[in-house]
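Structural overview
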Amino acid sequence: MSEDRYIYDLSEGDASMRHLLGGKGAGVAEMNRVGVPVPDAFTVTTVACVETMNRGGQWPDGLADQVAAGLARLEERTGRKLGGKDKPLLVSVRSGAVFSMPGMMDTILNLGISDESVAAVAAEAGNERFAWDCYRRFIQMYGEVVEGVPSHLYEDALTALKTERGVAQDTDLDAEDLKGLVQTFKRISTEYLGGDWTSDPVEQLNRAIDAVFKSWLNPRAEVYRRAHNIPADLGTAVNIMQMVFGNRGDTSATGVCFTRNPSTGEKALYGEFLVNAQGEDVVAGIRTPRTLSEMRETLPDAYDELISTMEKMEHHYKDMQDMEFTVENGKLYLLQTRNGKRTAAAALKVASDLVDEGLITKEEALLRIEPAQLDQLLHPAIDPSHGKQSIATGLPASPGAAVGEVVFDADTAAERGGRGEKVVLVRYETTPDDIHGVIVAQGILTAHGGMTSHAAVVARGMGKPCVAGAQGIRIDAVGKKLTIGDRVISEGEVITLDGTNGLVYGEALDLIPPQINEDFQHLVQWADEVRELGVRANADNFEDASKARELGAEGIGLCRTEHMFMAQDRLPAVRKMILAENQEQRAAALAEILPMQQTDFEGIFTAMKGLPVTVRLLDPPLHEFLPNLVEQSLLVQRLEFEGGDEQELGEARATLAQVKKLHEQNPMLGTRGCRLAMLYPEIPDMQARAIVRAALAVLDREGETVGVEIMIPLVALSQELKAQRAIVEAAVEDEFAKAGRRLDYTIGTMIELPRAALVADKIAEHADFFSFGTNDLTQTTIGISRDDAENGFLTNYVMDRVLERNPFETIDVEGVGQLVATGVEKGRSLKPALKTGVCGEHGGDPDSVEFFNSVGLNYVSCSPFRVPIARFAAAKAVLKQR
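Residues numbered from 1 in each chain as written. Predicted model: local features only at pLDDT ≥ 70, side-chain atom pairs only at ≥ 80, totals over all residues. Heavy atoms only, no water.

**Examining the packing of helix α3 (residues 63-78) against helix α8 (residues 201-215)**
Their axes nearest at 11 Å, the elements α3 and α8 cross at an angle of 120°. Here α8 runs oblique to α3, going by the angle between their axes. The handedness of the crossing between α3 and α8 is right-handed. Within the contact between the two elements, α3 uses Leu-63, Val-67 and Leu-71 and α8 uses Val-202, Leu-205, Asn-206, Ile-209 and Phe-213. For the contact of α3 with α8, the per-class residue count stands at seven nonpolar, one polar and no charged. (Axes fitted to C-alpha atoms, helices over the stretch in contact; angles between N-to-C directions. Helix = DSSP H or I, 4+ residues; strand = E, 2+ residues; numbered from the N terminus. Parallel < 35°, antiparallel > 145°, perpendicular 65-115°, else oblique. Left-handed = near helix turned anticlockwise from the far one by under 90°. Contact = heavy atoms within 4.5 Å. Nonpolar A, V, L, I, M, F, W, Y, C, P; charged D, E, K, R; others polar.)

**Brief notes about a nonpolar patch on the surface**
Residues Phe-793, Tyr-797 and Val-802 make up a contiguous nonpolar surface patch of about 270 Å² in total accessible area. Following the sequence through the fold, Tyr-797 ends up in helix α32 (residues 793-799). (Patch = residues over 30% accessible without salt bridge, like charges linked within 9 Å, V, L, I, M, F, W, Y side chains within 5 Å. Areas by Shrake-Rupley, 256 points an atom, 1.4 Å probe, with all protein chains shown as cover. Salt bridge = Lys/Arg side-chain N within 4 Å of Asp/Glu carboxyl O.)

**Let's talk about the sheet that holds strand β1 (residues 7-9)**
Strand order across the open sheet formed by five strands is β1-β2-β7-β5-β6, with antiparallel pairing between neighbours. If you trace the sheet from one side to the other, it starts and ends with β1 and β6 (107-111), each paired once. Strand-to-strand twist of the sheet, defined as the mean angle between neighbouring strand axes without regard to direction, takes the value 20°. Here α3 sits on the sheet and contacts β1, β2 (41-44), β5 (91-97) and β7 (236-242); the angle it forms with β2, its principal contact strand, is near 170°. (Pairing = 2+ DSSP bridges.)

**What to know about the state of the cysteines**
Enumeration according to the criterion identifies zero disulfides in this entry. Cysteine Cys-559 shares no disulfide, and the gap to the nearest cysteine sulfur, in Cys-839, comes to 12 Å. We note that Cys-674 lacks a disulfide partner, and the nearest cysteine sulfur, in Cys-839, lies 15 Å from it. (Disulfide = S-S within 2.5 Å.)

**A closer look at the packing of helix α6 (residues 151-165) against helix α7 (residues 175-193)**
Following both chains from N to C, one finds α6 and α7 inclined at 150°, their axes separated by 10 Å at the closest point. In terms of orientation, α6 lies roughly antiparallel with respect to α7. Two packed elements cross with a definite hand, and for α6 against α7 that hand is right-handed. Between α6, through Leu-153, Tyr-154, Ala-157, Leu-158, Leu-161 and Arg-165, and α7, the contact on the second element is made entirely by Asp-177, Leu-181, Thr-184, Phe-185, Ile-188, Ser-189 and Tyr-192. Within the contact of α6 with α7, the residues separate by chemical class into nine nonpolar, two polar and two charged.

**Notes on the packing of aromatic side chains**
The relation between two aromatic rings is expressed through the spacing of the ring centres and the mutual angle of the planes. Overall, the coordinates contain 11 aromatic pairs when judged by the stated rule. Seen in terms of ring centroids, Phe-258 and Tyr-270 are 5.7 Å apart; in terms of plane orientation they differ by 80°. Their pairing is edge-to-face. Remark: Tyr-270 occurs in strand β9 (residues 270-275) and Phe-258 occurs in strand β8 (residues 253-258); sequence separation between them is 12 residues. Grouping residues by exposure puts Phe-258 and Tyr-270 together as buried. Taking NZ or CZ as reference, Arg-5 lies 3.9 Å from the ring centre of Tyr-8, over its face. Between Arg-536 and the ring centre of Tyr-859, over which it is positioned, the NZ or CZ distance is 4.0 Å. (Phe/Tyr/Trp six-rings, centres within 6.5 Å; stacked < 30°, edge-to-face > 60°. Buried < 20%, exposed > 50% of the residue type's maximum accessible area, 1.4 Å probe, protein only. Lys NZ or Arg CZ within 6 Å of the ring centre and 35° of its normal.)

**As for the pattern of salt bridges**
Pairing is possible between side chains of opposite charge, provided their charged atoms come close. Applying the stated criterion to the full structure yields 69 salt bridges. Asp-106 serves as the salt-bridge partner of Arg-220, at 2.6 Å between the closest nitrogen and oxygen. In this pair, Arg-220 sits in helix α9 (residues 219-228) while Asp-106 sits in the loop between β5 and β6, placing the two residues 114 residues apart along the sequence. Residue class for Arg-220 comes out buried when judged on its relative accessible area of 13%. Put simply, Arg-416 and Glu-421 hold a salt bridge, and the shortest N to O gap is 2.7 Å. One salt-bridge network, in which partners are shared between bridges, spans Asp-685, Arg-689, Arg-693, Asp-734, Glu-735 and Lys-738.

**Things to note about the sheet that holds strand β32 (residues 835-838)**
Pairing is parallel in the closed barrel, where eight strands are placed in the order β26-β27-β28-β29-β30-β31-β32-β33. For this sheet, the mean inter-axis angle between neighbouring strands, taken without regard to orientation, is 25°. Examined bridge by bridge, β32 and strand β33 (residues 859-862) share two bridges and lie parallel to one another. Bridging from a neighbouring strand, Gly-837 pairs with Tyr-859 of β33. Sheet contacts for helix α27 (residues 718-739): β29 (707-712) and β30 (745-751); angle to β30, the most-contacted strand, approximately 155°. Each of β26 (534-538) and β33 touches helix α35 (residues 867-881); the most contacted strand, β26, lies at about 160° to it.

**What to know about the nonpolar core**
In this structure, Met-577, Phe-601, Phe-605, Met-608, Leu-622, Phe-770 and Leu-857 are the most contacted members of the largest nonpolar core, which totals 92 residues. Looking at which element gives the most residues to this core, the answer is helix α26 (residues 682-702), with 10 residues. Counting 79 residues, the second largest nonpolar core, distinct from the first, contains Ala-48, Trp-59, Ile-230 and Ala-459. (Core = buried A, V, L, I, M, F, W, Y, C linked by side-chain atoms within 4.5 Å.)

**What about unusual backbone geometry?**
Even without a glycine there, the phi angle at Leu-714 is positive, about 60°. Considering the arrangement of structural elements, one finds Leu-714 in the loop between β29 and α27. Here Leu-714 falls in the buried class, since its relative accessible area comes to 2%.

**Observations concerning a negative patch on the surface**
A surface patch of negative charge is lined by Asp-645, Glu-646, Glu-648 and Glu-651. Assignment of secondary structure puts Glu-646 in helix α24 (residues 646-662). Take Glu-646: its relative accessible area is 59%, and that puts it in the exposed class. (Lys, Arg positive; Asp, Glu negative; His and termini not counted. Charge placed at Lys NZ, Arg CZ, Asp CG, Glu CD.)

**Focus: the pairing of β5**
Burial analysis of β5 places seven of its seven residues in the buried class, which makes it a mostly covered element. Every second residue of β5 is oriented toward a common face, with Val-91, Val-93, Ser-95 and Ala-97 on one face and Ser-92, Arg-94 and Gly-96 on the other, all of them buried. Pairing of β5 with β6, which is carried by three bridges, proceeds in the antiparallel orientation. The residue of β6 that forms the bridge with Val-91 is Leu-111. In the sheet, β5 pairs with β7 via seven bridges, with the strands oriented antiparallel. Bridge assignment links Gly-96 to a residue of β7, and that residue is Ala-237.

Written out as structure tokens, the structure reads:
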């Protein structure tokens, strides 16, 4: 049996091998293939990482030998020896996931430098300082990543040395300073580890590869994967690349560039670089970098070649590229290229412009857009009329606005943000370990770092406003204070960030809704041309309905009437209905409620005139409209103890008696929906009349009205729907007779119980349409309470991969999804033209939309602000199936 292959040399790869070589390895191999200057390298595959994880951290058979052979070939091609005393080979060991995960995994630079090789490195470079700088960097990175030495031990020593020498920058330290620092770093490492570590460069290489494998499972990587729905079983590749040095002096540099502006999408020069530095200095924000345009003056030849290469790679990949580069003694090397992360606004502009430039088709442009990313376009901005003065200025690293209370560490941000509190994470600089706090924060403010720093890249990808490298701010993370000039801001005080302009305000400013731009309208029209699913909104009032229509909703898929009953001015009349002792009293109370319902419906129908509106009749149990049992009992006791007014006491006792009568152990599976209507047919009668009167009134006033769709909730038995349909039809026809005219209308049901889906052919006998209520269908299928589970075990289930996704966020395809598919199939077996839709929040989740498209639903319905997401997702679903 042949041995599995785990190693590929640089010349053996290309862009098609992304799943094997990772994004970085495949990208470098492809650049090499098309003639872009890259350092020589070999790659350990993702398969090797996965097999190592599956074997409990033990490398698969043959991997060590293949790494040794790959290293030998690299040494032969370069004419160098790893750690050799003469012409030593130094390499970087870098992660390379299939999907970009910036900063989430580990890197080791300068591996191969040691006491034995440092002199040769210095002699070859003619620069002793450079060699010792490489050596101290290696000890620190290797110690932190491979051996687990706390980073602050090295940083404290470096800071102490700079303070002692009276210098501000690392680059101000001379060769002798760095020699001493190397000895300090070695002592720190030895003391922490309790003994010397290995100085064998081959063993260091193997341990570094193993450390990168392990970094796939580190907490920050796991958090990032969950946030971006990246499968945990992909593993990471490891790239072993010959070092090229941006820290060899003033003719060397390192930098990051984008072929277009990742915040706006404009085709303009965008990037940063540092002279006499290594790559980690730029992305980590250790030194404040210079803009790419300045490179024209300092390194003109390398600059010209870089600009040419940027254009070449964008045309090659037909997308905006994010590239890392190093200039060594004036010679340019590209270290990485990948499709650049961008804001939603930039994504739309880049896609639209690439179509105009003839590089991609409209269909390809739609596939480039991540539907969930469109949320960024719907975030608020600062009201421009605020008239306030900003207290600090930084780089506009990620657009949008955020208002929140200041917190100084990611754990606090995660804790408070997880409770729904609005916080702004303030850091000297963010690190990948802050990811759990970044995810829940409203925005991020950093004192250091540039437009391509970790904070900037991650914030842009998540649609979080970010101001990076703010000038003149001092952060006391221990004392939890932020000082800006004379102003001291303590943890818990509110600030506002303007990530679009890089401004910080020392107070809460009013925010206004975002404006949808021309690029958005442009691409959404293309999506509408492609998609097959209709997209409606869930809306219960005029404001929500109007916003939904503005965002492109093609009707309302769920109008919940119970929300109208909950209004404070309605509750007295509703309680009269509930407390009624006979049918006559109940009818009188309902007559009082009817005009209120009609007024509400008229507002919604006016906003949606010309479009269909599905009105769900009363769904929750009646006890929800009454006081809490314990609170009402206490009220009665208090009135009895104080000798209160007899009439007030009588009413309180009557209410308590009815609360007790209606009390159920499990009300969500009790007397609600059509079951309540079966007991009190006066309720659906009143609601049907209010709907018809409102539709006719809007027709008279506006000249057109809505397509009326009346939905009966919580049906499990065909006889329930048959009986309820008869009640509704009788009321509707009576109203038409009184009005002397009629409208087209349909009556359907919500499929939200497993039994309803399983007997959908029988239920379809009495239904004009089905709407799948996937929120309740998920609860009743899996047997979990959404509110209880999401505050309890469900989070652990997702974290522990018992469940891949929260089933209330993304449809459980294997379980709930099969019931939806069965319901559609059985319903249409009786009525082939039966209209089917979904009205749970799954209707706005892109992955769920793709599933609903595959089972042949007619439409999805979601909250108004998710309508654009659903429109794009529906288009992508069609394109993926082609």
